[in-house]
Amino acid sequence: MAKTEHYYTQFLPDSCYHVYNRSVDKRPLFLNDDNHIFFLKRYDKYLSPLVTTFSYALCGNHFHFGIQIKPEVVLSEFIEASQWIGRFQTTHQLVSHQFQSFFLSYAKAFNKQNNRVGALFQTPFKRCLVDTDDKLARMILYHHLNPQHHKLCSDFRTSRWTSYLRYLNNQPSKLPREVVFDLMGGRQGFIEQHNDISRILHDADEWGIED
């Protein structure tokens, strides 16, 4: 079960978080490749101006994101550019609004495509503070292993819907490759740390994730 505090954690500038959620009825959130692609594009539109994304995993009926809120000056510039001055009193209100707009945008398109009505995501969405480099590294590892953990694939390295392969393919990306590689002892250390599957799964209990 999700820990109670994961429903109430407040977003703050420069802080890192594990954000996760699932569908209201535990049915698939993604029915085809286009759904996955659209989900990530909507996320990029609504959240990338406000957060740095360390990792993600789209896993059937749920998702995970590892993020860091950008500095307060960046958030203020976003508010000014959006002509939202005075609309949000805290960073938490702004970031939560963008997540909710992202969820609503995806849900509307998904419902229309599948002749579905009603809410798609559980509310409130869950988030927990990641306050050490060690926790950040372990969160990233867990996210990348998640498709294999839920038997969506036999080897997490083959999944198209996590950030793992994007770290290794050398194509342009908003992912902070150098920061994460430094965190894990370089590119080779990044690869090797992902091989300790039993430890990664054991660490998942610490997050209290209901997936």
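What you are looking at is a predicted structure, and each value in this text was computed from that prediction instead of being measured. Numbers given for residues are sequential positions, taken from 1 along each chain in its written order. For this predicted model, a pLDDT threshold of at least 70 governs which residues receive local features, and a threshold of 80 or more governs which side-chain atom pairs are given and counted, while totals over whole chains, interfaces and linings are taken from all residues. Just so you know, side-chain values use all the structure's heavy atoms and leave hydrogens and water out.

### Remarks on the pairing of strand E2 (residues 51–59)
Successive residues of a regular strand alternate their side chains across the two faces of the sheet. Defined as follows: The rule is simple: take the accessible area with a 1.4 Å probe, protein chains only, and divide by the maximum for that residue type; under 20% is buried, over 50% is exposed, in between is partly exposed. We count a stretch as a helix when DSSP gives it H or I for four or more residues in a row; a strand needs E for two or more, and each element gets its number in order from the N terminus. Note on pairing: DSSP must find at least two bridges between two strands before they are called paired.
Of all the nine residues making up E2, eight are buried; the element is thus mostly covered by neighbouring parts of the structure. When E2 meets strand E3 (residues 62–69), the two strands line up antiparallel, connected through eight bridges. Counterpart to Ala 57 in the pairing with E3 is His 64. Taking the residues between adjacent antiparallel strands as the criterion, E2 and E3 are bridged by two residues, where Gly 60 takes a positive phi near 75°.

### Observations regarding the side chain of Asn 21
Operational definition: In protein, a polar contact means a hydrogen-donor-capable atom and an acceptor-capable atom, both N or O and within 3.5 Å, with residues adjacent in sequence counting only if both atoms are side-chain atoms; elsewhere, any N or O pair within 3.5 Å suffices. Between two residues, a contact is recorded if the distance between any of their heavy atoms is within 4.5 Å.
Take Asn 21: it is sitting in strand E1 (residues 16–22). Since its relative accessible area comes to 2%, Asn 21 is described here as buried. A polar side-chain atom of Asn 21 sits 2.7 Å from the main-chain carbonyl oxygen of Gln 122. Polar side-chain contacts of Asn 21 include one of 2.9 Å to the side chain of Lys 126. Sequence-distant contacts of Asn 21, defined by excluding residues within four places in its chain, comprise Asn 61, His 62, Phe 63, Phe 121, Gln 122, Phe 125 and Lys 126.

### Some thoughts on the pattern of salt bridges
Rule in force here: For salt bridges, the criterion is a side-chain nitrogen of Lys or Arg within 4 Å of an Asp or Glu carboxyl oxygen.
One pass over the full model with this rule turns up seven salt bridges. Linking Arg 27 and Asp 25 is a salt bridge whose minimum nitrogen-to-oxygen distance equals 3.8 Å. On the basis of relative accessibility, which here comes to 57%, the residue Arg 27 falls in the exposed class. For Asp 25, a relative accessible area of 32% puts it in the partly exposed group. Its salt-bridge partner being Asp 44, residue Lys 174 comes within 2.8 Å of it at the nearest N-O pair. Of this pair, Lys 174 sits in the loop between helix H5 (164–168) and helix H6 (177–183) while Asp 44 sits in helix H1 (residues 33–47), and the two are 130 residues apart along the sequence. Taking relative accessible area as the criterion, Lys 174 reaches 62% and is therefore assigned exposed. Here the salt bridges do not stand alone but share partners, grouping Asp 25, Arg 27 and Arg 116 into one network.

### With respect to the nonpolar core
Nonpolar side chains in soluble globular proteins tend to end up buried together. The condition is simple: Residues belong to one nonpolar core when they are buried, are Ala, Val, Leu, Ile, Met, Phe, Trp, Tyr or Cys, and are joined through side-chain atoms within 4.5 Å.
One finds Phe 11, Phe 39, Phe 65, Ile 67, Phe 99, Phe 102 and Phe 121 to be the most contacted residues of the largest nonpolar core, which totals 35 residues. Sequence-distant contacts of Phe 65, that is, excluding residues within four places in its chain, are made with Tyr 17, His 18, Val 19, Phe 39, Tyr 43, Thr 53, Ser 55, Tyr 56, Phe 102 and His 143. Judged by nonpolar contacts, the second largest core, of 20 residues, contains Val 130, Leu 136, Tyr 142 and Leu 168.

So far we have only geometry, and geometry alone does not tell us how the molecule works.
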